[in-house]
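# Per-entry structural report
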Amino acid sequence: MEHNQEEKTIQIAGSITVDELAGALGLSVTELIGTLFKNGIVATINQRLDFETAQIIIDELGFKNVKLEKKNTATKTSDIHHELSDKAVSRPPVVAVMGHVDHGKTTLLDTLLNKKTVEKEAGGITQHISAYQLERDGRTITFLDTPGHEAFAAIRQHGAQLTDIVVIVVAADDGVKPQTIEAINFAKSANAKIIVAINKIDREGADIDRTKADLSNHGLQPEEWGGDITMVPISAKLNQNLDQLVDMILLTSDIEELKADIDIPAEGLVIESHMETGKGSVVNLLVTGGELKTGDFIVAGKTYGKIRTMLDWRGKPKGKATPSTPVTVTGFKELPDFGDRFVEVNDEKTARKMALLNAQAAADESASANVTSTDLLRMMNTADNSKVFNVIVKGDVLGSVTSVVDSLKMIDTHGEITLNIVSTGVGDINENDVYMAAGEHTVIYGFNVNVPINISKMAARDNVPIRTYKVIYELLDDAKHEMENLLDAEVIEEDKGEMKVLGVFRTEKTQIIAGGEVLKGDVKPNYLVKIMRNKEEIGEAEVSSTQKEKMDVKELVAGETGGLALKTEHKTDLQIGDRLKFFTREIKKRTL
Ligand code: GDP
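Summary of the structure given here. These numbers were taken from a predicted model, which means no experiment stands behind them.

## Considerations on the nonpolar core
Generally speaking, nonpolar side chains in soluble globular proteins are found buried as a group. Counting residues in hydrophobic clusters, the biggest one holds 24 residues, and the most contacted among them are Leu108, Leu112, Ile141, Phe143, Val167 and Ile249. Those elements that provide at least two residues to this core are strand 6 (94-99), helix 4 (105-113), strand 7 (131-136), strand 8 (139-144), strand 9 (165-171), strand 10 (193-199) and helix 9 (242-256). Here the element with the most residues in this core is helix 9; it accounts for 5 residues. Residues within four places of Ile249 in sequence aside, it is in contact with Pro93, Val95, Ile141, Phe143, Ile165, Val167 and Ile195. Leu27, Leu32, Ala43 and Leu68 belong to the second-largest nonpolar core, a separate cluster that totals 21 residues.

Structure, rendered in structure tokens:
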């Protein structure tokens, strides 16, 4: 196909919908969808194509004079960067407490912050507090209390640095456990400083040295053994040594020289958001730069707003929030996403425009994960992928990912199914995993990892199966079943009997009534029939009833003469002298 027209330039911000591209090229949407289809892409009118895919399609269509150009986008939130200036001032550390379940994270925060009293003071406030601040000798520490590690994973995915210090709580009577390792990995990947709180030292069975040895086997060397990790033995329950832990946090923070600029437009992160009747969106923010005030216009992801009310973590009104301060605000038009970065802008118009650009950028990002040129090439190269089982493997640590993948590869599929490992990784299941899985026969397996709520919603919407396991053989069993479902079923046919046709009474489109003599075996309703003429099969049918002297009977056996009603799919002109061969057919699922 050759389209020679006047020169034309199409600008694409990052992606373009099928509809828009067809319009720009002066083609009908059907024509464009047809071309995409020929290239292995099943697209709908609203599907977004990335730059490279659009280019390939334009070449394919023979538009020699059309040029694609990347459009310059105006400012989005992610375009705003502030390098620390020399006017930066010191700020409180942001600390996350992590560790294995039941090792004492909640107790530690409760005791440190006297949370129960605080919650009572605030009049049993309904809002969920997701951050707390501890005041000590005129200094402040911000503690983040987030619902599980998913929270951090989501924020990390946005590339943001949320925590300065991670306090890893390990019970001295239990040692290093899977979530302890997860916490260590998180802290390392987030580039945060680690302080270990060896908890429950009051317990019988507590062994501080063994716990330290356990930790050093996982890459955390205690200072007293020549390493660089501060480990403080504590009892969160009995309030032992917590002062020392706080001192260590402050000391670490001093060494890190944590700073922020305050004379820049305010910015930070969304750490929680929910709707409340009467108030609309209630959003918890952590300020990381500048000073946030009531009345400020802010943008976060696809939404924006003017701050109507601002409360501190105790639920008391706050006029101004400086870096490392958590606040609860109202005024966002819609709920921003957890982990979104927020920035302050001058006016409503700028806010609206920036939110729009952010939305566009997010759509582009999902488009590039949606149909990319790599997908295109891959689809062009695979002829029949009906027997390919695609998996994405996520695990808590690299070791578990490797052993899951190795074990999957060991499942013997007798060469009938190809196992395609689409991707692997350490950490919770994320958006990207779901995007990558949005094809046929693809399962995301998680081993000892979490699935954030927003991700499971997204997966449900896109029909992407996510399965998480804590036991490896259960995961393997599931994968085996999935592959068995892809196997061609086994067809078992059993001969039952034979009849010679002696009379044909009616042949309609879907029904034949005939009579004959059973030469061998028997004939029963529901048997299948091969209609044979001179040893050649001319059709297939199913027995719907058997009759003897015009009465329905359960069966006809060898030697008997009787009538038959047969169900057929196509009109078959049965003739006297044809043979009917009866049989049963069982379709059996195969196993590996
Ligand atoms: P989380 O799941 O890590 O938040 O653990 P929790 O704070 O809920 O604590 C789990 C259990 O351990 C609770 O029954 C606590 O009372 C108990 N616990 C926590 N810290 C200590 C401690 O220092 N000593 C003792 N003996 N028990 C503790």
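## A look at the sheet that holds strand 19 (residues 326-332)
Here we have 6 strands rolled up into a closed barrel, ordered 13-14-19-17-16-20, and antiparallel in their pairing. Neighbour-to-neighbour, the strand axes of this sheet turn through a mean angle of 45°, independent of strand direction. Across 4 bridges, strand 16 (residues 297-300) lies against strand 20 (residues 341-345) in antiparallel orientation. Across the sheet, the residue bridging to Ala300 is Phe342, located in strand 20.

## Describing helix 12 (residues 398-409)
Helix length check: helix 12 (12 residues) gives 17 Å between terminal C-alpha atoms against 16 Å at 1.5 Å per residue, within 8%. If you check which residues of helix 12 are buried, you get Ser400, Val401, Val404, Val405 and Leu408. The arc that holds the buried residues of helix 12, viewed along the axis, is 130°, so those residues lie on one side. In this structure, helix 12 carries Leu398 and Lys409 as exposed residues pointing more than 90 degrees from its buried face. Considering only its buried residues, helix 12 is in contact with strand 21 (388-395), strand 22 (418-426), strand 23 (442-447) and helix 15 (472-486).

## Some words on the site of the ligand
Around the ligand sit 15 residues, and of these Asp102, Lys105, Thr106, Thr107 and Asp202 come closest. Here Lys237 contributes a backbone N or O atom positioned 3.3 Å from an oxygen atom of the ligand. With the chains in place, 77% of the 580 Å² that the ligand exposes on its own is no longer accessible. Per-element tally for the shell around the ligand: the top contributor is helix 4, with 3 residues.

## Quick word on the packing of aromatic side chains
In this structure the tally under the stated criterion is 2 aromatic pairs. Between Tyr132 and Trp313 the ring centres are 5.7 Å apart and the planes differ by 65°, which places this aromatic pair in the edge-to-face class. Here Tyr132 is found in strand 7, whereas its partner Trp313 is found in the loop between strand 17 (303-311) and strand 18 (320-321), with 181 residues between them in sequence. Accessibility assignment for this pair places Tyr132 and Trp313 in one class, buried. Each ring, one from Tyr445 and one from Tyr469, has its centre 6.5 Å from the other, and the planes form 40°; the classification is tilted. Taken together, the residues span a long stretch of sequence, with Tyr445 in strand 23 and Tyr469 in strand 24 (residues 466-469) at a distance of 24 residues. The class of Tyr445 is buried, set by a relative accessible area of 0%.

Conventions used here
Residues numbered from 1 in each chain as written. Predicted model: local features only at pLDDT ≥ 70, side-chain atom pairs only at ≥ 80, totals over all residues. Heavy atoms only, no water. Core = buried A, V, L, I, M, F, W, Y, C linked by side-chain atoms within 4.5 Å. Buried < 20%, exposed > 50% of the residue type's maximum accessible area, 1.4 Å probe, protein only. Helix = DSSP H or I, 4+ residues; strand = E, 2+ residues; numbered from the N terminus. Contact = heavy atoms within 4.5 Å. Pairing = 2+ DSSP bridges. Axes fitted to C-alpha atoms, helices over the stretch in contact; angles between N-to-C directions. Expected span 1.5 Å × (residues − 1). Arc of directions from axis to C-beta. Near = heavy atom within 4 Å. Polar contact = N/O pair within 3.5 Å; in protein donor to acceptor, adjacent residues only side chain to side chain. Areas by Shrake-Rupley, 256 points an atom, 1.4 Å probe, with all protein chains shown as cover. Phe/Tyr/Trp six-rings, centres within 6.5 Å; stacked < 30°, edge-to-face > 60°.

The analysis is restricted to geometry; functional conclusions fall outside its scope.
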